[in-house]
Amino acid sequence: MRKGIRWIGFGFFLLLLWMGTVYSQGTGTTAPAPGQPSTTPKPDQRCCIAGEYKGHHKDIPSKTCPKPGEGDFKMIIYQDKGCGSKIWGKITNPDGTTQDFTGIVTPGTGGCCNISGGWSKPAAAGAPAERTDFKGILCRKGGKWSGGGDYRTTRGMIICNGKWNMTQM
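So, the confidence of the model for the chain
A low pLDDT means the predicted coordinates there should not be read in detail.
In step 1: Model confidence for the chain is summarised by a mean pLDDT of 83, while 73% of its residues fall at 70 or above.
In step 2: Taken together, the stretch residues 14-44 has pLDDT below 50 and engages in nine contacts with residues farther than four places along the chain or on a different chain.

Okay, here's the thing in structure tokens:
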């Protein structure tokens, strides 16, 4: 009887050992062998767009945009470590007003990068809340990023669409 219990215990031990081996191989937690590529993707470093930019925007006249505006701006873009896709920063207008924005950058075609983002302003005395969303393409020319795109600003019932362009300083 004791011999039978020992064999059952030994069989149980082997079963646990085998299950542990199968489980650890199935989870993919083993590290790659030296000299083998890692399975962890690295950020795409071709879209390293962080920096200071000088730009211009212009509203497109329409029924929903009764007083189209235009003007220059400066934009500072910060980016996640390793040229990650998350961007944020500050836009400064000639009158000194600023807007903080957030967005993303992704690889585009031909070595260019797609950017999109936006910002909001809460309602203030006599002024409705405001939301601006932008998108566009930046391409590297002469060692600096430049490009342009579209934006949409909504202030209550007023909706102005427009175009922007900018160049890295």
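From this point, the discussion proceeds with the structure in view.
Some points on the pattern of salt bridges
In step 1: Overall, the coordinates contain four salt bridges when judged by the stated rule.
In step 2: The salt bridge involving D100 is made with K90; its shortest N-O contact spans 2.9 Å. Residue D100 is located in strand β4 (residues 98-107), and its partner K90 is located in strand β3 (residues 86-92); the two are separated by ten residues in the primary sequence.
In step 3: Judged by relative accessible area, D100 falls into the exposed class, the value being 52%.
In step 4: Between R131 and D133 there is a salt bridge, with its nearest N and O atoms 2.7 Å apart.
In step 5: On the basis of relative accessibility, which here comes to 36%, the residue D133 falls in the partly exposed class.

Quick look at the side chain of T153
In step 1: Here T153 is to be found in strand β7 (residues 144-155).
In step 2: For T153, a relative accessible area of 6% translates into the label buried.
In step 3: Among the polar contacts made by the side chain of T153, one reaches the side chain of T132 at a distance of 3.0 Å.

Remarks on the pairing of strand β1 (residues 51-59)
In step 1: In this structure, β1 lies alongside strand β2 (residues 70-79), joined through eight bridges in antiparallel fashion. Opposite G55, over in β2, you have F73 as the bridge partner.

What to know about the state of the cysteines
In step 1: Taken as a whole and assessed by the stated rule, the structure comprises four disulfides.
In step 2: Disulfide pairing places C48 opposite C83 at an S-S distance of 1.8 Å. When the S-S torsion is 110°, as for the bridge of C48 with C83, the disulfide is right-handed. Within this pair, whereas C48 is found in the loop between α1 (2-26) and β1, its partner C83 is found in the loop between β2 and β3, the two being separated by 35 residues in sequence.
In step 3: The class of C48 is partly exposed, set by a relative accessible area of 28%.
In step 4: Described in terms of the sequence order of its bonded cysteines, the disulfide pattern of the chain is 1-6, 2-4, 3-8, 5-7.

Some points on the packing of aromatic side chains
In step 1: Within the structure shown, the criterion is met by four aromatic pairs.
In step 2: For the pair Y78 and W88, a centre-to-centre distance of 6.3 Å together with 25° between the ring planes defines the contact as stacked. On the criterion of sequence distance, the pair formed by Y78 in strand β2 and W88 in strand β3 is long-range, its members being ten residues apart.
In step 3: Residue Y78 is classed as partly exposed on the basis of its relative accessible area, which comes to 44%.
In step 4: Since its relative accessible area comes to 32%, W88 is described here as partly exposed.
In step 5: Geometrically, the ring pair formed by F101 and F134 is edge-to-face, given 5.9 Å between the ring centres and 75° between the ring planes. Of this pair, F101 sits in strand β4 while F134 sits in strand β6 (residues 130-141), placing them 33 residues apart in sequence. For the pair formed by F101 and F134, the shared burial category is buried.
In step 6: Three or more aromatic residues joined by ring pairs form one cluster here, namely F101, W119, F134 and W164.

Cut-offs applied
- Residues numbered from 1 in each chain as written.
- Predicted model: local features only at pLDDT ≥ 70, side-chain atom pairs only at ≥ 80, totals over all residues.
- Heavy atoms only, no water.
- pLDDT = per-residue confidence, 0-100.
- Contact = heavy atoms within 4.5 Å.
- Salt bridge = Lys/Arg side-chain N within 4 Å of Asp/Glu carboxyl O.
- Helix = DSSP H or I, 4+ residues; strand = E, 2+ residues; numbered from the N terminus.
- Buried < 20%, exposed > 50% of the residue type's maximum accessible area, 1.4 Å probe, protein only.
- Polar contact = N/O pair within 3.5 Å; in protein donor to acceptor, adjacent residues only side chain to side chain.
- Pairing = 2+ DSSP bridges.
- Disulfide = S-S within 2.5 Å.
- Phe/Tyr/Trp six-rings, centres within 6.5 Å; stacked < 30°, edge-to-face > 60°.

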